[in-house]
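# Structural characterization, general
Here is how the chains run, residue by residue.
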Amino acid sequence: MGSLCLVQETAKGTVRYWGPVPELGEGDWVGVELELPIGDTDGSYAGKTYFVAPPNRAIFISPNIVTPYDEEMSSVAIIDDVKKRLAAKELERKRKENAETWNKLDNHQEQLLLKHALVLENIFGPCTRRVNVDEMDPIEMEEGYEGPRLTFPLTGDMLVDLLEHFKKGKPLHINFALDLLAQSRKIFAAEPTLQEISIPEGKRLTLVGDLHGQLADLFTIFTLNGLPSQDNEYLFNGDIVDRGQYGAEVLFSILAFKCLFPKQVRVNRGNHESRQQNRLMGFEEEVLTKYPGPNGRVLLAACQKVFDCMPLCALIQEKIFVVHGGLFSNDAVSLDHLRGISRKREPPVHSDVFEDRLYEEMLWSDPRAHLAGKQISTRGAGIEFGQDVTFEFLRTNQLALIVRSHECVAEGYDLVHNGRLMTLFSASRYCGLQTNKGAFLSMKNDLQPEIQQFYAHPMQESHWTAPAALGLTEQAAMAQVLEEDMTKMIIVTLLDHKPSLYWYFTQTDKGKTGRVSVEEWATGMKTVLKLDLPFASLASRLADVEEEVVEVDTTGTRERRKVQRISYAKFLDRYRVEVTGSDAVAAAWQEAVIDRVCEKLFLALRRGGKSLEGRGKKGSLSQSGSSVKDAFALFDVDRDGRIEYEEFIGLLKSMDVGLSEAQIYELMRGMDKNKDSVIDLEEFTSRFGIVFTGYVDRENEGVIVGLSAADSKLLMKIGKRLVKERKQLGQVYGEITGKPFPSLVRKASTAVENETGPQDAVGVAIEDEEEDTISYEQFKAFVRELGIGPSKASDEQLLRLAQHLDVDGSGTINFAEFSRGFKVADLKETRPKLRMSRNSVSLVKVPKQDGAHLVRDRGFLSLEKQISEDVGGMEDSEASVSEPGWTDRIIQQMSNFLFQYRLELASLYRAIDVNNDGVVSAEEFRSGFIKLNQVFNMMLTEEQIDLLMEAIDQDGNGQITYNEFLKAFKVVDTCKDSPNSSRSSSPTSSFSSGNGGH
């Protein structure tokens, strides 16, 4: 006794007591008087004094964490403790900053998705618009069903069986789910909009905030707080579904207890208990996936009918107001106003009707700690309100406290407005990304709140136990996950704003260096993306920051300083959307689109050259063969020898080149090889010409079969007509062959797979398809109809070509592969997996059985000889440059559109897909896509949509399977591993960040 000691090797103190303290547990305890006031007692415990010490200077601890005092050990321990405290403090600062940034991004994307959901509903109506939930016959129970069987009235044993069934990850049978929904709907329908609750003596009421389909959190609350019962009442404050994987199970669990204890279990509606949120936020897809077929739509409609009947708010003993969202844009709103709201409908958004605004704001509004008055919400619905609004509402209605949910907060609860408003959030580790705790609030008749914080335990545990808190290591790991997802959300957002960012940076870059300072970059990101985020501190996570030393003039002296700069072109090139390696349909579509774009650019440039003649220019890009310098002059409006961004877009928009403005931007950037934001003469000269890719033997790289010069020339004349007059020649082809003209879209099945993924299908010799083959005589007749008659091509010459194109010796020609082989190409651009030489046409004949060698013919020029000569001495090595060119950029732009709107497109087609089988008609696919495309800024042209439809409809039966295609796109960081966006293509599988809110 009286000896100096160290508590946990850090806190210095003096031993004052050693012995039993029954209230703390069995065994001996050590009472220590501490040097610093960091204890929790004055030497007393549970009313008994064991020794005397100043307040907060004593502690009772286990003997195994007390050691004799050692000066050296104490110094080391103190230093180590300071380091740990500083690290923990920095971790906490970073966690708060990241959580705030994540929530801002989340609200921003929620605003976009809300807008998109409303647009979809206006155009197509809800997914369940044609479903009558009251007319469905019971489904036959499959043999071997071992799940819970719910009969009414329910019993406690049934509900325990239900929870155990859900714990195993199994869904409730649809018959019982529909019965449960029907019963709970009747109960909710009979309740008032404002529930008035009194807590009887000896009973307890527990408030639960957002759960968002996180079943483990619901089970944890039941473990810590007990299941609902006559004496253990619950009020669930909305946002039961969406975002998490188990929205249906969370909903059915709560509804089952509601049916068992209708007076003791209560629910307020949240903003996610609505059709427009379910459409894009996960619950709709979850239900239709877990319950496939037409009956899934019936079940979804039944869930949403229940949502329509849920009350909107509650009043506890006339003192505590509980609502999901928040308060109102109008002053002097009384509880009587809320009681009178007609609630049994889809929650209104953006209405001018007073009643509708109250309805919207109860579900959507948020408090702000440092705001006076009200302002527009960043969510896109409701308002943000300050302390004065809270106080006025409390005064008007003689209330003491407001409890609301709707926002993720770090501790699971948060008090603002001088302690008169509490946010309660019960989904811990929100979306698997946040490090937040969950919390619930319990109170008895005296209204003294008790808050319990928690982290959810794994719901698969057979015996539920209270989980341990996160350690520092786990906190750091979760913080890293959150930061990575936050970065992904920013990347996904900027993908939609590349043209605007590029334009902003080019205007900021006065010296045309292709770089901006970190501060200029951060300002540009904040301005263009309209996100108030700490971009300067995020720069190193998003971009390659380069340091350089510059001289700065300060008060007449020159100083050398380090300046951080970012190459904005490289920054924008870094992030892209790609197609997963197994999706040959998407690859076939992309190939067809680029072929068509090259063709249109080629023909448009020729038309542009002709227009120069009318302006007094010498020559043109017409068949007379003028220099492409004239084409450059056509673009160079201000005659400064450079083609700038505005000049390039302005002229191409006036030409029918089949590109949207965003795609023209990608064309410009792809040609701007030195990243100076302009195209000079060397970069632009002579890009487009007709080539023939031919039939490529994979065992022998693209070489030319030994054709004579005359035969080669005739072959290219045929190609010229096919490229320039493809549509017009369809009728001629049909009259001769009785078959439709082959499509430009290559069937995905022709793509060749190997161990590294699909290879380019151009020119692969494949098994003939009957509808694509023609006879020698049909081929000769078609060629003559092109204007290359007997006077120009003898029967013998046409026969030689026909035999040459008959790659398998069958006596027929696969005209589809032959015609697709002719295309316009950018002679300076090499598409992935397609090798082209500047001055040759690759025409390869598959070896015959005798294995004859193939020979290379270097002497054959492409059709546009003048253009080929203007290219200059481009070596084959240039074709291997890894940096993406403009064709790849346009593919990325199209892919980005499908990636960004994959949830909207999937929702659109689910609304059309009445059988819930993932299939819609080709015409439904096309018309729906065109409507959506028009609403969202015409990112694709109608021609590109037609090519897309043709690519997906592989068997030509007019039926489109849309789900797998929409899941084929992912975001990649070309400098790192792929940062797949958390805005998953399958919300029920990994739906988390950035898709909207709480």
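Residues numbered from 1 in each chain as written. Predicted model: local features only at pLDDT ≥ 70, side-chain atom pairs only at ≥ 80, totals over all residues. Heavy atoms only, no water.

- Under the annotation held in an unreviewed UniProt entry, the protein carries the name Serine/threonine-protein phosphatase and is attributed to Nannochloropsis salina CCMP1776.
- Checking UniProt for the protein, the heading Sequence similarities (unreviewed entry) contains the comment "Belongs to the PPP phosphatase family."
- The record in UniProt for the protein states the following under Cofactor (unreviewed entry): "Mn(2+)". (UniProt positions renumbered as here; feature names shortened; annotations may be inferred.)

### Points about the pattern of salt bridges
- The full count for this structure, using the stated rule, is 37 salt bridges.
- Glu100 is paired through a salt bridge with Lys104; the nearest N and O atoms lie 3.7 Å apart. Of this pair, Glu100 and Lys104 are both found in helix H1 (residues 71–124), four residues apart, which corresponds to roughly one turn of the helix.
- In this structure Glu100 comes out as partly exposed when scored by relative accessible area, which is 49%.
- Residue classification places Lys104 among the partly exposed residues on the basis of a relative accessible area of 32%.
- Measuring nitrogen to oxygen at the nearest pair gives 2.9 Å for the salt bridge that ties Asp308 to Arg269. Pair noted here: Asp308 is in helix H8 (residues 294–309) and Arg269 is in the loop between strand E11 (265–267) and helix H6 (275–281), with a separation of 39 residues, a long-range link.
- Take Asp308: its relative accessible area is 8%, and that puts it in the buried class.
- The exposure class assigned to Arg269 is buried, which follows from its relative accessible area of 0%.
- The structure contains a network of salt bridges with shared partners spanning Glu110, Asp366, Arg368, Arg379, Glu384, Arg404 and Glu407. (Salt bridge = Lys/Arg side-chain N within 4 Å of Asp/Glu carboxyl O. Helix = DSSP H or I, 4+ residues; strand = E, 2+ residues; numbered from the N terminus. Buried < 20%, exposed > 50% of the residue type's maximum accessible area, 1.4 Å probe, protein only.)

### A look at the sheet that holds strand E14 (residues 366–367)
- Read across the open sheet, the three strands follow the order E14-E16-E15; overall the sheet is mixed. With partners counted over all chains shown, the strands left at the sheet margins are E14 and strand E15 (374–376), one partner each.
- Pairing between E15 and strand E16 (residues 383–385): three bridges, direction antiparallel. Looking across to E16, one finds that Lys374 is bridged to Phe385. (Pairing = 2+ DSSP bridges.)

### Section: the pairing of strand E3 (residues 25–34)
- Looking at chain direction, strand E2 (residues 11–21) and E3 are connected through eight bridges and run antiparallel. Pairing of Gly13 across the sheet is with Leu34, part of E3.
- Remark: three residues form the turn of the hairpin made by E2 and E3, two consecutive strands paired antiparallel.
- Bridging between E3 and strand E6 (residues 58–61) involves four bridges; their strand directions are antiparallel. Residue pairing across strands places Gly31 opposite Phe60, the latter belonging to E6.

### A few points about the UniProt feature "domain: EF-hand" (unreviewed entry) in the protein
- Here, UniProt's "domain: EF-hand" (unreviewed entry) annotation points to residues 623–658, 659–694, 793–828, 900–935 and 940–975.
- Secondary structure content for residues 900–935 is 72% helix and 8% strand, while the C-alpha to C-alpha distance between its ends is 14 Å.

### Details of unusual backbone geometry
- Cis peptide bonds are those with omega within 30 degrees of zero, and the linkage from Phe152 to Pro153 qualifies with 5°.
- Relative to the helices and strands, Pro153 resides in the loop between H1 and helix H2 (156–167).
- For Ala332, which is not glycine, the phi dihedral falls at a positive 60°.
- If you trace the backbone, Ala332 turns up in the loop between strand E13 (320–323) and helix H9 (335–339).

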